[in-house]
Amino acid sequence: VEERQTRWLDISKLHLLHIQESLRGLSTEIIGELVDERERQNLTQKDVADITGILPYNLARFETGTRIPTLMVLEKYASALDKHIEIRLCDNAKK
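A. Region of interest: the nonpolar core. With 16 residues, the main nonpolar core has Ile31, Leu34, Val48, Leu59, Leu74 and Tyr77 as its most contacted residues. Contributing elements (two or more residues each) for this core: helix H1 (2-40), helix H2 (45-52), helix H3 (56-64) and helix H4 (71-80). A total of five residues in this core trace back to one element, the largest contributor, which is H4. Apart from residues no more than four positions distant in its own chain, Leu59 is found in contact with Gln45, Val48, Ala49, Ile54 and Tyr77.

Structure follows, in structure tokens:
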């Protein structure tokens with residue numbers, strides 16, 4: 001029984017790591033699009049920080065990929081650019 005529990009925990013940890021890596025990639029992609037749009041609109045990080053209330057150093061950390069922003073932060077950032085974030089539920093096979 002203990003061996004099965006240990007194996008299950010190992011599988012669960014691997015699954016969580018896979019999810020974290022997928023989210024990191026998706027977050028990086030979305031942030032990249034937001035940064036491109038921010039620059040296209042000639043806005044600075046400080047401009048976006050002032051509009052959103054996100055601290056400038058946190059915004060910089062999101063943009064450099066050292067922190068993964070929450071969905072709320074992504075939506076605030078997008079809203080500052082007159083954009084929004086869309087989320088869809090998809091089958092895993094259709095990734």
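B. Region of interest: the pattern of salt bridges. Inspection of every chain in the model, using the stated rule, returns four salt bridges. Taking the shortest distance from any N to any O, the salt bridge between Arg38 and Glu63 comes out at 3.0 Å. Here the residue Arg38 occupies a position in helix H1, and Glu63 occupies one in helix H3, the gap between them amounting to 25 residues. Both residues of the pair, Arg38 and Glu63, count as buried. In this structure, Asp50 engages Lys46 in a salt bridge whose closest nitrogen and oxygen atoms are separated by 3.1 Å. Within this pair, Asp50 and its partner Lys46 are both found in helix H2, separated by four residues, close to a single helical turn. Lys46 sits in the exposed class, given a relative accessible area of 52%.

Rules used in this analysis
Residue positions are given per chain, counted from 1 along the sequence in the order it is written. The predicted origin of the model limits local features to residues at a pLDDT of at least 70 and limits the giving and counting of side-chain atom pairs to 80 or more, whereas totals for whole chains, interfaces and linings rest on all residues. The basis for every side-chain value is the complete set of heavy atoms in the structure, and neither hydrogens nor water enter the calculation. Take the buried residues of types Ala, Val, Leu, Ile, Met, Phe, Trp, Tyr and Cys, join any two whose side-chain atoms come within 4.5 Å, and each joined set is a nonpolar core. Accessibility here uses a 1.4 Å probe with only protein chains present; expressed as a share of the type maximum, an area under 20% marks a residue as buried, one over 50% as exposed, and anything in between as partly exposed. A helix here means a DSSP run of H or I that spans at least four residues, while a strand means a run of E at least two residues long, and both kinds are numbered starting from the N terminus. Whether two residues touch is decided by their heavy atoms; if any such pair falls within 4.5 Å, the residues are in contact. Criterion for a salt bridge: a side-chain nitrogen of Lys or Arg within 4 Å of a carboxyl oxygen of Asp or Glu.

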